[in-house]
Amino acid sequence: MAATERSTDDWAIIARGLTRRFGAVTAVDRVDLSVPRGRIFGFLGPNGSGKSTTIRMLCGLLRPSDGDISVLGLTIPTQAEALKLRIGYMTQKFSLYEDLTVVENLQFLAAVHSVPRAAVTGCIDRLLQQYQLGERRTQLAGTLSGGQKQRLALAGAVLHEPELLFLDEPTSAVDPQSRRDFWEALFELADTGATILVSTHYMDEAERCHQLAILDQGRLVAEGSPSALVATLPGITLQVECEDPRAAQKALRGRVEIIAMAQIGAHLRVLAARGDAVIAAILAILRAAGIEARVTESAGNLEDVFVVATHAGHAPESQR
């Protein structure tokens, strides 16, 4: 839905033509973005796709080469200083002080964000309990586990109760259980009305977002809810069962019918162009290679969407 179809107050972020160049390299290329308030909005893309650069521009930390940005009704970067008081920002790398204790880090951040002194102790105690850090309050931050550091960083980012939270690949260095716990915390924040913009390259995390923007080579190549994106998938997802999936993959590689392939366990998952005879064509190719197989249609998923959305930018000229 275009931002003009709703009141400006309904949107946490509106960006138009957002571009950032570093010399001859265009890191972000004319991105249009509308992020509704009170939702978890995901940036999905590979490393180097422009996610971090976009977030830094939206935060006011990096000046765009071109384009217009409005965040919480403020014009960025002109009003970036006023924005800092209303947002939280958590980077991929742990950025708190490792030689301070857990509680000392939070006390320092409370001072930075001008949290009223009378409220600091109660606020910190609540966050330590909420993020399971109560028993770690006097422990040096540098000695915490990856998941504990992640929870501390999130506590620090929300200490001043920001309206908007920017999270730049916050779970890239933690275990699956810590990632799951972290996302439960994000949904709790969204329930309070906070808007969250989170970048990730994990498909399971992208599926948890209310809405997604897929970035590739600095361009916005797809946008919508995870279910809506899957519903508009132009390709067909197939499962190939045979004795030698690697041989089947080799036989199908380079065929115009095939968009992408991946071995999943003992099966081969194939994303193919739609067509009435595509299954018959694949079976014929495999039989010609001496491979007997069973090919059935499978439900599409967000990974298939990502492959289709980014395929055109990486395909050889003969396949474009």
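Structure: above.
Residues numbered from 1 in each chain as written. Predicted model: local features only at pLDDT ≥ 70, side-chain atom pairs only at ≥ 80, totals over all residues. Heavy atoms only, no water.

A.B. asks: Go over the overall build of the chain with me, naming the residues and quoting the values.
C.D. replies: Broken down by element type, the chain carries 11 helices and 14 strands. In terms of its C-alpha atoms, the chain occupies a principal-axis envelope of roughly 75 × 45 × 35 Å. Taking all 320 residues of the chain together, the buried fraction comes to 45%. By sequence separation, contacts in the chain at least 24 residues apart represent 68% of the contacts at least 6 residues apart. Carbon and sulfur atoms make up 49% of the accessible area of the chain, which amounts to about 15,700 Å² in all. On the chain, the mean spot of the 32 positive side-chain charges and the mean spot of the 37 negative ones are 4 Å from each other. (Helix = DSSP H or I, 4+ residues; strand = E, 2+ residues; numbered from the N terminus. Buried < 20%, exposed > 50% of the residue type's maximum accessible area, 1.4 Å probe, protein only. Contact = heavy atoms within 4.5 Å. Areas by Shrake-Rupley, 256 points an atom, 1.4 Å probe, with all protein chains shown as cover. Lys, Arg positive; Asp, Glu negative; His and termini not counted. Charge placed at Lys NZ, Arg CZ, Asp CG, Glu CD.)

A.B. asks: With reference to specific residues and values, describe the sheet that holds strand β3 (residues 40-44).
C.D. replies: Across the sheet, which stays open at both edges, the six strands sit in the order β6-β7-β8-β3-β9-β10 with mixed pairing between neighbours. Where the open sheet ends on each side, the last strands, each with one partner, are β6 (87-90) and β10 (219-224). Between one strand axis and the next, the sheet turns by 15° as a mean value, whatever way the strands run. Pairing analysis gives five bridges linking β3 to strand β8 (residues 195-200), with the strands arranged parallel. Looking across to β8, one finds that Ile-40 is bridged to Ile-196. The strands that helix α5 (residues 146-158) touches are β6 and β7 (164-168); relative to β6, the one it contacts most, it runs at about 160°. (Pairing = 2+ DSSP bridges. Axes fitted to C-alpha atoms, helices over the stretch in contact; angles between N-to-C directions.)

A.B. asks: Please provide a residue-by-residue account of the environment of Arg-274, values included.
C.D. replies: Along the polypeptide, Arg-274 turns up in the loop between β13 (267-273) and α10 (278-288). Side-chain polar atoms of Arg-274 contact the backbone oxygen of Pro-234, separated by 3.2 Å. (Polar contact = N/O pair within 3.5 Å; in protein donor to acceptor, adjacent residues only side chain to side chain.)

A.B. asks: Explain the packing of aromatic side chains residue by residue, including any values.
C.D. replies: This model, assessed by the stated rule, comprises three aromatic pairs. Residues Tyr-97 and Phe-108 carry aromatic rings whose centres are separated by 5.3 Å and whose planes lie at 90° to one another, so their mutual orientation is edge-to-face. Of the two residues, Tyr-97 is situated in the loop between β6 and α3 (102-112) and Phe-108 in helix α3; the sequence distance between them amounts to 11 residues. A cation over an aromatic ring shows up here: Arg-20 above the ring of Phe-22, its NZ or CZ 4.6 Å from the ring centre. The ring of Tyr-202 has Arg-179 lying over it, and the distance from NZ or CZ to the ring centre is 3.9 Å. (Phe/Tyr/Trp six-rings, centres within 6.5 Å; stacked < 30°, edge-to-face > 60°. Lys NZ or Arg CZ within 6 Å of the ring centre and 35° of its normal.)

A.B. asks: Would you mind going over the pattern of salt bridges in detail, with residue names and values included?
C.D. replies: One pass over the structure, following the stated rule, counts 14 salt bridges. The salt bridge partner of Glu-169 is Lys-51, with a shortest N-O separation of 3.0 Å. With Glu-169 in the loop between β7 and α6 (176-191) and Lys-51 in helix α1 (residues 51-59), the pair connects residues that are 118 residues apart, well separated along the chain. Side by side, Glu-169 and Lys-51 carry an identical accessibility label, which is buried. A salt bridge links Arg-137 to Asp-125, with the shortest nitrogen-to-oxygen separation between them at 3.2 Å. Here the residue Arg-137 occupies a position in the loop between α4 (117-130) and α5, and Asp-125 occupies one in helix α4, the gap between them amounting to 12 residues. (Salt bridge = Lys/Arg side-chain N within 4 Å of Asp/Glu carboxyl O.)

A.B. asks: A description of α5 should follow, citing residues and the corresponding values.
C.D. replies: Taking 1.5 Å of rise per residue, 13 residues should cover 18 Å, and α5 covers 19 Å from first to last C-alpha, within 8% of that figure. The element α5 is largely enclosed, with a buried count of 12 among its 13 residues. Contacts from the buried residues of α5 go to β6, α3, α4, β7 and α6. (Expected span 1.5 Å × (residues − 1).)

A.B. asks: Go over the environment of Ile-264, please, and point to the residues and values.
C.D. replies: Along the polypeptide, Ile-264 turns up in strand β12 (residues 258-264). Separated by 19 residues in the primary sequence, Ile-264 and Pro-245 place their C-alpha atoms 9.2 Å from one another.

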